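Per-entry structural report
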Amino acid sequence: MGAVDFEPHRGELLAYCYRMLGSFHEAEDLVQETMLRAWRARDRYDPTRASLRTWLYRIATNACLTALEGRARRPLPSGLGAPSADPGAPLTPALDIPWLQPFPDARLDPDLRTDLRLALVAAMQALPARQRAVLLLREVLEFSATEVAAQLGTTVAAVNSALQRARVALADVGDAGAVTEPDDPEVRAVIQRYVRAFEAADVPALVRLLTDQAILEMPPVPLWYRGSRDYGRFLDRVFHMRGTGWRMAPLSANGQPALAAYAPEPGGPHRLHTLQVLTVTGGRVAHNVVFADPGVFAAFDLPPQISSDDLPPAR
């Protein structure tokens, strides 16, 4: 066959592999493996049997399913047990758990960010791998049942059955399909108020920006809190432990507003502490997933430290 350009499909494949694996770094590796496999098999590709996109997704799906064999799912702390009621509980990371990672929006065209919301990706991780693939291929990527059956080497009836089971499983997640748009003016206003309150260490103001049942979780620490009262009590602890005068840099992740939080250092620059991915609903923060994994920071190309002059004060 003639020259084939796989690159236009890279971004969409990256989003797909991320939803399958729950890890941005592993998704990058799997996309590269997909491209390599496709290049090596390019002489066997028959455009009369399948489009190039369909063929690439068959390769990517097989690569993902192989990578997922025998692996534990990637959860968030809220998917593992009940919330804590102790704001002073030890912050001991559980490094043996392969935690769900966020997706850096800057690495992807905005048109490809559909269904990347953290809560939805976390819910998908609880599905068996083949059900996950069927759900994504049918409902996100809009392949036909016949195409998906060919991609997975199964029957149309099996695809339809797997899709129905996946839909039922995700129906129990509640609002997992809702998507927060970080560029929405109301969302931007809420985030600006949150930044001002956080940088001022104004816990009452932060609490007023939360929904009553707001969730705060902090992988790799398995603790999580539900409710504005416990959320506020934990923030009191944070400012007591790490001091005041934090700086926040806005960005976006998983199609949601996000903040890079820099903690003050005595006599020195502010150091990168966490990446916070927020869900804003009804003009309030309903969920904050706070990531402290250096690998996550690297994916977002965040500077490890900033001087006091690097960021303007929140307006």
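Preceding block: the structure.
What comes next concerns the included structure. Being a predicted model, the structure only gives us computed values, none of them experimental. (Residues numbered from 1 in each chain as written. Predicted model: local features only at pLDDT ≥ 70, side-chain atom pairs only at ≥ 80, totals over all residues. Heavy atoms only, no water.)

Okay, the pairing of strand 5 (residues 270-281) next. Across the twelve residues that make up strand 5, a large majority, nine, are buried. Pairing between strand 4 (residues 256-263) and strand 5: six bridges, direction antiparallel. Within the sheet, the bridge partner assigned to Ala263 lies in strand 5 and is Arg271. Counting the residues in the hairpin turn of strand 4 and strand 5 gives six residues, including Gly267, whose phi is positive at 70°. (Buried < 20%, exposed > 50% of the residue type's maximum accessible area, 1.4 Å probe, protein only. Helix = DSSP H or I, 4+ residues; strand = E, 2+ residues; numbered from the N terminus. Pairing = 2+ DSSP bridges.)

What follows concerns the packing of aromatic side chains. For the coordinates displayed, the defined rule picks out eleven aromatic pairs. Between Phe24 and Phe103, the aromatic rings sit 5.2 Å apart at their centres with planes inclined by 90°, giving edge-to-face as the arrangement. Of this pair, Phe24 sits in helix 2 (residues 24-40) while Phe103 sits in the loop between helix 3 (52-68) and helix 4 (118-125), and the two are 79 residues apart along the sequence. Each of the two residues, Phe24 as well as Phe103, counts as buried. Each residue in the set Tyr194, Phe198, Phe239 and Trp246 is aromatic and connected to the rest through ring pairs, giving one cluster. The ring of Trp39 carries the charged tip of Arg42 above its face, separated from the ring centre by 3.6 Å. (Phe/Tyr/Trp six-rings, centres within 6.5 Å; stacked < 30°, edge-to-face > 60°. Lys NZ or Arg CZ within 6 Å of the ring centre and 35° of its normal.)

The next point concerns helix 1 (residues 10-21). For an α-helix the count is 3.6 residues per turn, leaving residues at separations of three or four pointing the same way. In this model, helix 1 (twelve residues) spans 16 Å end to end at C-alpha, consistent with the 16 Å of a helix rising 1.5 Å per residue. Most of helix 1 sits inside the fold, with ten of its twelve residues counted as buried. Those residues of helix 1 that fall on the buried side of the exposure criterion are Glu12, Leu13, Leu14, Ala15, Tyr16, Cys17, Tyr18, Arg19, Met20 and Leu21. The elements touched by buried residues of helix 1 are helix 2, helix 3, helix 4 and helix 5 (129-140). Just past helix 1, the residue Gly22 takes up positive phi, approximately 75°. (Expected span 1.5 Å × (residues − 1). Contact = heavy atoms within 4.5 Å.)

The next point concerns the environment of Ala106. Looking at the secondary structure, you find Ala106 in the loop between helix 3 and helix 4. Judged by relative accessible area, Ala106 falls into the exposed class, the value being 78%. Taking the C-alpha atoms as reference points, Ala106 and Gly267, 161 residues apart in sequence, are found 33 Å from one another.

Another point: the nonpolar core. The biggest cluster of nonpolar side chains holds 72 residues, and the ones touching the most others in it are Tyr16, Met20 and Trp55. With eleven residues, helix 3 is the largest single contributor of residues to this core. If we skip the residues at most four places from it in the chain, Trp55 touches Phe6, Ala38, Ala41, Arg42 and Tyr45. Core analysis: the next-biggest nonpolar cluster, separate from the first, contains 33 residues, Ile191, Leu210, Met218 and Leu278 among them. (Core = buried A, V, L, I, M, F, W, Y, C linked by side-chain atoms within 4.5 Å.)

The next point concerns empty space enclosed by the protein. A probe as big as a water molecule, rolled over the atoms, marks out the empty space that is left. Applying the stated rule across the entire model yields one cavity of 30 Å³ or more. In this structure, the largest cavity spans a volume of roughly 40 Å³. As for the largest cavity, its lining consists of Leu76, Arg117, Leu118, Ala119, Gln256, Val277, Thr279, His287 and Val289. Contributing elements (two or more residues each) for the lining of the largest cavity: helix 4, strand 5 and strand 6 (284-291). Residues belonging to the lining of the largest cavity are distributed by class as follows: five nonpolar, three polar and one charged. (1 Å grid on protein atoms, 1.4 Å probe; cavity = no way out; pocket = protein on both sides within 12 Å on 5 of 7 lines; lining within 4 Å. Points joined across faces, edges and corners; volume = space filled by probe spheres on them. Nonpolar A, V, L, I, M, F, W, Y, C, P; charged D, E, K, R; others polar.)

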